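# Summary of structural features
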Amino acid sequence: MRRNSLRWATALGIVATEDDVQRLDAPRFDRLAGYAHPDARGLGAQLVSDWMFWFFPFDDWFDGPLGENPASVRDVVCPMIRFVYGEWAALPACAPPLLRAFADLCGRSRMGMSATWQNRFAEDTAKYLYSYILEAIIRRSGQEPDMEHLLEVRRDAIGIRPSLAFGETAERHEVAFPLVLSETLHELRRVCADIVVVQNDAYSLSKDLRQGESSNQAVALIRRDGMTAPEAIEHLERSHDRLIETFLRLEATSTTLPPRYGLPEQAPHLARHLSTLRSWISGNDAWSRETPRYAGA
């Protein structure tokens, strides 16, 4: 997966020089793909790996001046949103490499999936992309954001929901309607995203402080509430524990949903979806501890 993803990124123009390849390779995004989707095989596993090798360069694209200008960010992401909703001409062959790579990934992710899944994937991906505009507005304001608003933005910006969707493609299963719209499953995905946000904000604190990033809960606690870095991390650890408890409670109730949600026929798909949620929580933590991307955090 690692070698193929690097070749794919090179072929699409995400990286150009050998130094670019080494910088893209160093964080070992392939290991995050394996941790988060351990049941994916073959082309499915490669799809997940390629997504991981796209997510982080795309996110880093907004770390500089681009990410501080909401209008410029809107110019980038709005054609991508139109594309994911079916306006294929929104991303022409002359689009920047990261956008052409995004089009390739979306096309591969849709293969064999139902219209309902494709609508869900479009909505989840659109929210993820739009979060970059909201983060740019937060940066431009120069003010410390309200914590609830920051978490709402980060919940989409972390990209968990589209990752869970294309994970269904990769693992060759689909959580069908109406189970996928049950309040319990909706809450489980939300809590999973919040856990990954807390993990990311804790592990990337040093990096985000160096870069002057404001879209980080720990950074907000330091600047707004006057906490020290260790105090902010301790606060996130307590939040993490509470979220894990909530996840476990919801997970226990998900297997007792009434038949109107498609159970027991959907039980195998529900079990695989819950397994993926767990893998994202544990896998993101394991990868964050070992990757050089957060070294010194």
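Let me begin by describing the structure that accompanies this report. (Residues numbered from 1 in each chain as written. Predicted model: local features only at pLDDT ≥ 70, side-chain atom pairs only at ≥ 80, totals over all residues. Heavy atoms only, no water.)

Each helix and strand in the protein was counted, giving 14 helices and zero strands. Ordering the α and β elements of the protein from the N terminus gives α-α-α-α-α-α-α-α-α-α-α-α-α-α. For the protein, the C-alpha radius of gyration of 19 Å lies close to 19 Å, the compact-globule estimate for 297 residues. Per-residue burial for the protein yields a buried fraction of 54% across its 297 residues. When contacts within the protein are restricted to residue pairs at least 6 apart in sequence, long-range pairs at least 24 apart make up 74% of them. When the accessible area of the protein is evaluated, it comes to approximately 13,400 Å², of which 53% is carbon and sulfur surface. With 34 positive and 41 negative side-chain charges, the protein shows a separation of 3 Å between the mean positions of the two kinds. (Helix = DSSP H or I, 4+ residues; strand = E, 2+ residues; numbered from the N terminus. Rg over C-alpha atoms; globule rule 2.2 N^0.38 Å. Buried < 20%, exposed > 50% of the residue type's maximum accessible area, 1.4 Å probe, protein only. Contact = heavy atoms within 4.5 Å. Areas by Shrake-Rupley, 256 points an atom, 1.4 Å probe, with all protein chains shown as cover. Lys, Arg positive; Asp, Glu negative; His and termini not counted. Charge placed at Lys NZ, Arg CZ, Asp CG, Glu CD.)

For the rest of this paragraph, the subject is the pattern of salt bridges. Any two side chains of opposite charge can pair, so long as their charged atoms come close to each other. Taken as a whole and judged by the stated rule, the model has 23 salt bridges. In this structure, E187 and R190 form a salt bridge, with 2.9 Å as the shortest nitrogen-oxygen distance. Of this pair, E187 and R190 both sit in helix α10 (residues 183–203), three residues apart, which is roughly one turn of the helix. Taking relative accessible area as the criterion, E187 reaches 22% and is therefore assigned partly exposed. Measuring nitrogen to oxygen at the nearest pair gives 2.9 Å for the salt bridge that ties D194 to R190. A residue pair is termed a helical-turn pair when its members lie 3 or 4 positions apart in one helix, as D194 and R190 do in helix α10 at four residues. (Salt bridge = Lys/Arg side-chain N within 4 Å of Asp/Glu carboxyl O.)

Here we take up helix α13 (residues 229–254). Counted at 1.5 Å a residue, the expected span for α13 with its 26 residues is 38 Å, and the 37 Å between its end C-alpha atoms agrees. Against the buried residues of α13 lie α10, α12 (217–225) and α14 (267–290). (Expected span 1.5 Å × (residues − 1).)

A word on the nonpolar core. W51, W54, F58 and F102 are the most contacted members of the largest nonpolar core, which has 93 residues in total. Beyond its immediate chain neighbours, meaning those up to four positions away, W51 contacts F102, L105, C106, S109, F121 and F166. (Core = buried A, V, L, I, M, F, W, Y, C linked by side-chain atoms within 4.5 Å.)

A few words on empty space enclosed by the protein. If you walk through the whole model with that rule in mind, you get two cavities of 30 Å³ or more. The volume enclosed by the largest cavity comes to roughly 470 Å³. Around the largest cavity sit 31 residues that line it, and F56, D59, R154, I158 and N200 are the ones nearest its centre. At the level of elements, α4 (42–60), α7 (115–141), α8 (147–157), α9 (160–170), α10, α11 (205–211) and α14 are the ones that each hand at least two residues to the lining of the largest cavity. In terms of residue count, the dominant contributor to the lining of the largest cavity is α4 (five residues). The residue inventory of the lining of the largest cavity, partitioned by class, reads 13 nonpolar, seven polar and eleven charged. Within this model, the second largest cavity holds a volume of roughly 30 Å³. Those elements giving two or more residues to the lining of the second largest cavity turn out to be α7, α8 and α9. Across the lining of the second largest cavity, the residue classes break down as three nonpolar, no polar and five charged. (1 Å grid on protein atoms, 1.4 Å probe; cavity = no way out; pocket = protein on both sides within 12 Å on 5 of 7 lines; lining within 4 Å. Points joined across faces, edges and corners; volume = space filled by probe spheres on them. Nonpolar A, V, L, I, M, F, W, Y, C, P; charged D, E, K, R; others polar.)

Further remarks concern the environment of F177. Structurally, the position occupied by F177 is in the loop between α9 and α10. Expressed as a C-alpha distance, the spacing of F177 and F121, which sit 56 residues apart in the sequence, is 13 Å.

Right, let's get into the packing of helix α1 (residues 2–12) against helix α2 (residues 18–25). At a minimum axis distance of 11 Å, the contact between α1 and α2 shows a crossing angle of 135°. With respect to α2, the element α1 is oriented oblique. Once α1 is placed against α2, the crossing between them reads as right-handed. Residues R2, L6, A9 and T10 of α1 touch α2, and the partners they reach there are V21, L24 and D25. Partitioning the contact of α1 with α2 into residue classes produces four nonpolar, one polar and two charged. (Axes fitted to C-alpha atoms, helices over the stretch in contact; angles between N-to-C directions. Parallel < 35°, antiparallel > 145°, perpendicular 65-115°, else oblique. Left-handed = near helix turned anticlockwise from the far one by under 90°.)

Turning our eyes to something else, we now look at α1. For α1, the set of buried residues is S5, L6, W8, A9 and L12. Along α1, the residues classed as buried sweep out an arc of 160° about the axis, all on the same side. Those residues of α1 that are exposed and aimed more than 90 degrees away from the buried face are R3, R7 and A11. Next to the buried residues of α1 lie α2, α4 and α6 (97–110). Downstream of α1 by a residue or two, G13 has a phi angle that is positive, lying close to 90°. (Arc of directions from axis to C-beta.)

Now for the environment of F56. Tracing the backbone shows F56 in helix α4. Sequence separation between F56 and P27 is 29 residues, and the spatial gap between their C-alpha atoms is 9.7 Å. When neighbours within four sequence positions are excluded, F56 is seen to be in contact with F29, L32, W287, R293 and Y294.

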